[in-house]
Amino acid sequence: MIALPPAGNLLSGNLLEKGLRGLVDAWRGLAGGETAQLGRDGALSARDGERLAKLFRDCLEEKGGEVTARARAASLGRLYLRLNDDGKRGFLKILVGDYGAASDAVQSAIDAVLKAADPVARHKAERRLRLALTPARQRLLTQFTALPQGVKFLVDMRADAARFAREAPELGILDADLEDLFTGWFDIGFLELQRITWNSPAALLEKLIAYEAVHAIESWDDLRNRLDSDRRCYAFFHPRMPLEPLIFVEVALVRGIAGNVQALLDQSQPVLEPGQADTAIFYSISNTQAGLRGISFGNFLIKRVVDDLSRELPNLKTFSTLSPIPGFRAWLNEAIADGLPNVVKASERDALSAALGKRFSKGMLPDLLRDTSWADNEALAGALKAPLTRLCARYLLTAQSRGKPRDPVARFHLSNGSQVHRLNWLGDRSKKGFKESAGLMVNYLYRLDDIDANHERFVRDGTVAASGEVRKLAES
């Protein structure tokens, strides 16, 4: 349920182009001419690289006043934006290669710490060491924050560095440097929670469509339905990125716990008076900024939204998700290949054989699920329900990776204090839903009285909170 926007989203690509044009235009009046002749064809020549390194040195030496420094940063930023991927990779490699911490200064600071004779001297030496360990490039990068949308520029630069690091591992250094900066800059105390409505700025609504990564928004009518009076959408914003949601959650106000996402998003359904709803369903959470990977907002977002909804609508008694199970099919295929016992019971195998008109073996299951037509075959779907729901319960409660639940959505919600409440058969009949989880969805329940205890047990010893119904399924 928490995801990044799909890379192939056409609208997302159009927004990116608009954003780049906007930055270039915003910085046109600020930029100096130092980079005008660099990267003219989108790439950096060897001579361009030498001139770029000199500009980096000028920035670090702070030649000129504040206005000069701002112009130089804008010039470098405009250069970076007009480069192609090869050019950007070269730009970042120069930044990483020559502008780390000065080893002589670090060693000298270490020696001073070791020789410090009293607490005051040690404190001064430790402070000097911290400063010496700060890479020179961090000072250079922070100069971009003085520019309009400069923070967004750096967030996107980190996304580039992480992408390029697959082929140029040294760029992982820049990725880590920027993460260190962002951890402080994007502390939850600096973020603002806002409700997004149909009356929000059109540019923001356009970004919701582009960034939605769980259940694609198909049209403006679809978006309007998701922002109707019985729906809520909340997002975290940073003051230096005012029209860029960092993460957003979509909520449906309903009666009873919803179990089918297509029914939940059906535009033909009547609008429910919010005062008549007794349940808030969190059905989509989307991270929007690839450059903020590793900076966690989702756990704070859900808690803040629950608090806001509880105050606004005291009639709400239940807070639940309707979540995908993105890793189930992959785990099931691996489990079958590895010979997991008790995948299909004898009685289930007989029912499947009868539905197929031929003898069924567990090795047939992956191929059978690959063709989604099984869901329209009443007999076959009925025969698959028992084994698949049982195996899915086992997956959610027992499958682990590095000591934590293997499923990323389960890991997120359980760490926030929820419990695995109910599995929903054919709760998502989309192509994506069949591919990832054979159409199954799960409700994670946030019981306000249990959240803290569930969280503590999960963090302490990995205990997965679950309803008796789900536990019984997993153990059957």
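Residues numbered from 1 in each chain as written. Predicted model: local features only at pLDDT ≥ 70, side-chain atom pairs only at ≥ 80, totals over all residues. Heavy atoms only, no water.

Undergrad: When you look at the nonpolar core in this model, what are you seeing that I'm missing?
TA: Soluble globular proteins: nonpolar side chains tend toward being buried together. Of all hydrophobic cores here, the largest spans 69 residues; its most connected members are Phe-56, Phe-91, Leu-92, Phe-182, Phe-186, Phe-297 and Val-305. Counting residues per element, this core draws most heavily on helix H8 (residues 150–164), which supplies 7 residues. Each residue touching Phe-182, except ones within four places of it in the same chain, is listed here: Leu-154, Val-155, Arg-158, Asp-187, Gly-291, Leu-292 and Ile-295. If you look at the next biggest cluster of nonpolar residues, it comprises 43 residues, including Ala-335, Leu-352, Leu-397 and Val-464. (Core = buried A, V, L, I, M, F, W, Y, C linked by side-chain atoms within 4.5 Å. Buried < 20%, exposed > 50% of the residue type's maximum accessible area, 1.4 Å probe, protein only. Helix = DSSP H or I, 4+ residues; strand = E, 2+ residues; numbered from the N terminus. Contact = heavy atoms within 4.5 Å.)

Undergrad: Where do I start with the pairing of strand S9 (residues 419–424) in this structure?
TA: Remember that side chains alternate between the two faces of the sheet whenever the strand is regular. Most of S9 sits out of view: 5 of its 6 residues are buried. Where S9 lies against strand S10 (residues 441–446), 5 bridges are found, and the strand directions are antiparallel. If you follow Asn-424 over to S10, its bridge partner there is Met-441. (Pairing = 2+ DSSP bridges.)

Undergrad: Explain the packing of helix H4 (residues 85–98) against H8 here, please?
TA: Each pair of packed helices can be summarised by the angle the axes make with each other and by the distance between the axes. Taken N-terminus to C-terminus, the directions of H4 and H8 make an angle of 95 degrees; their axes are 11 Å apart at the nearest point. The pairing of H4 with H8 is recorded here as roughly perpendicular in orientation. The segment H4 lies against H8, with Asp-85, Lys-88, Arg-89, Phe-91 and Leu-92 engaging Met-157, Asp-160, Ala-161, Arg-163 and Phe-164. Of the residues that constitute the contact of H4 with H8, the class distribution is 5 nonpolar, no polar and 5 charged. (Axes fitted to C-alpha atoms, helices over the stretch in contact; angles between N-to-C directions. Parallel < 35°, antiparallel > 145°, perpendicular 65-115°, else oblique. Nonpolar A, V, L, I, M, F, W, Y, C, P; charged D, E, K, R; others polar.)

Undergrad: Would you explain the confidence of the model for the chain in this entry?
TA: It should be kept in mind that the predicted coordinates are not to be read in detail where pLDDT is low. Across the chain, pLDDT averages 90, with 93% of residues at or above 70. Across the chain, element-level confidence peaks in S9 with a mean pLDDT of 98 and bottoms out in helix H1 (residues 10–28) with 57. Counting interchain partners and residues more than four positions distant, the pLDDT-below-50 stretch residues 6–10 has 4 contacts. (pLDDT = per-residue confidence, 0-100.)

Undergrad: Is there a simple way to think about the pairing of strand S3 (residues 231–237) in this case?
TA: Across the 7 residues of S3, 7 count as buried, placing the element largely inside the fold. What you see with S3 is no split at all: Arg-231, Cys-233, Ala-235 and Phe-237 on one side and Arg-232, Tyr-234 and Phe-236 on the other are buried throughout. Here 4 bridges tie strand S2 (residues 192–195) to S3, and the two strands are oriented antiparallel to one another. If you follow Glu-192 over to S3, its bridge partner there is Phe-237.

Undergrad: Hey, could you run me through the packing of helix H2 (residues 46–61) against helix H3 (residues 66–82) in this one?
TA: The interhelical angle for the contact between H2 and H3, taken along N-to-C directions, is 150 degrees, at an axis separation of 10 Å. When the axes of H2 and H3 are compared, the pair comes out roughly antiparallel. The crossing of H2 and H3 is left-handed. Facing H2, whose interface residues are Leu-52, Leu-55, Phe-56, Asp-58 and Cys-59, H3 presents Arg-72, Leu-76 and Leu-79. Residue composition of the contact of H2 with H3, grouped by class: 6 nonpolar, no polar and 2 charged. (Left-handed = near helix turned anticlockwise from the far one by under 90°.)

Undergrad: Looking at this structure, how should I read H8?
TA: Side chains of residues three or four places apart in an α-helix project in the same direction, reflecting 3.6 residues per turn. For H8, spanning 15 residues, the distance from its first C-alpha to its last is 21 Å, which sits close to the expected 21 Å at 1.5 Å a residue. For H8, the set of buried residues is Gly-150, Val-151, Lys-152, Phe-153, Leu-154, Val-155, Met-157, Arg-158, Asp-160, Ala-161 and Phe-164. (Expected span 1.5 Å × (residues − 1).)

Undergrad: Help me understand unusual backbone geometry in this model?
TA: Negative phi characterises most residues that are not glycine, and trans characterises most peptide bonds. Even without glycine at this site, Arg-402 takes up a positive phi of about 55 degrees. By the element assignment, Arg-402 lies in the loop between strand S7 (400–401) and strand S8 (404–405). The exposure class of Arg-402 is exposed, given its relative accessible area of 87%. Within the chain, Ala-438 stands out as a residue other than glycine whose phi angle is a positive 55 degrees. The residue Ala-438 is located in the loop between helix H19 (431–437) and S10 in this model.

Undergrad: Help me understand the packing of aromatic side chains, please; the structure alone is not making it clear to me.
TA: Aromatic rings in a pair are described by how distant their centres are and how their planes are angled relative to each other. With the rule as written, the count across this model stands at 13 aromatic pairs. Each ring, one from Phe-144 and one from Phe-153, has its centre 4.9 Å from the other, and the planes form 45 degrees; the classification is tilted. Residue Phe-153 is classed as buried on the basis of its relative accessible area of 2%. The rings of Phe-56, Tyr-80, Phe-91, Tyr-99, Phe-144 and Phe-153 are connected pair by pair, giving a single aromatic cluster. Over the ring of Phe-164 we find Arg-89, and its NZ or CZ is 4.7 Å from the ring centre. (Phe/Tyr/Trp six-rings, centres within 6.5 Å; stacked < 30°, edge-to-face > 60°. Lys NZ or Arg CZ within 6 Å of the ring centre and 35° of its normal.)

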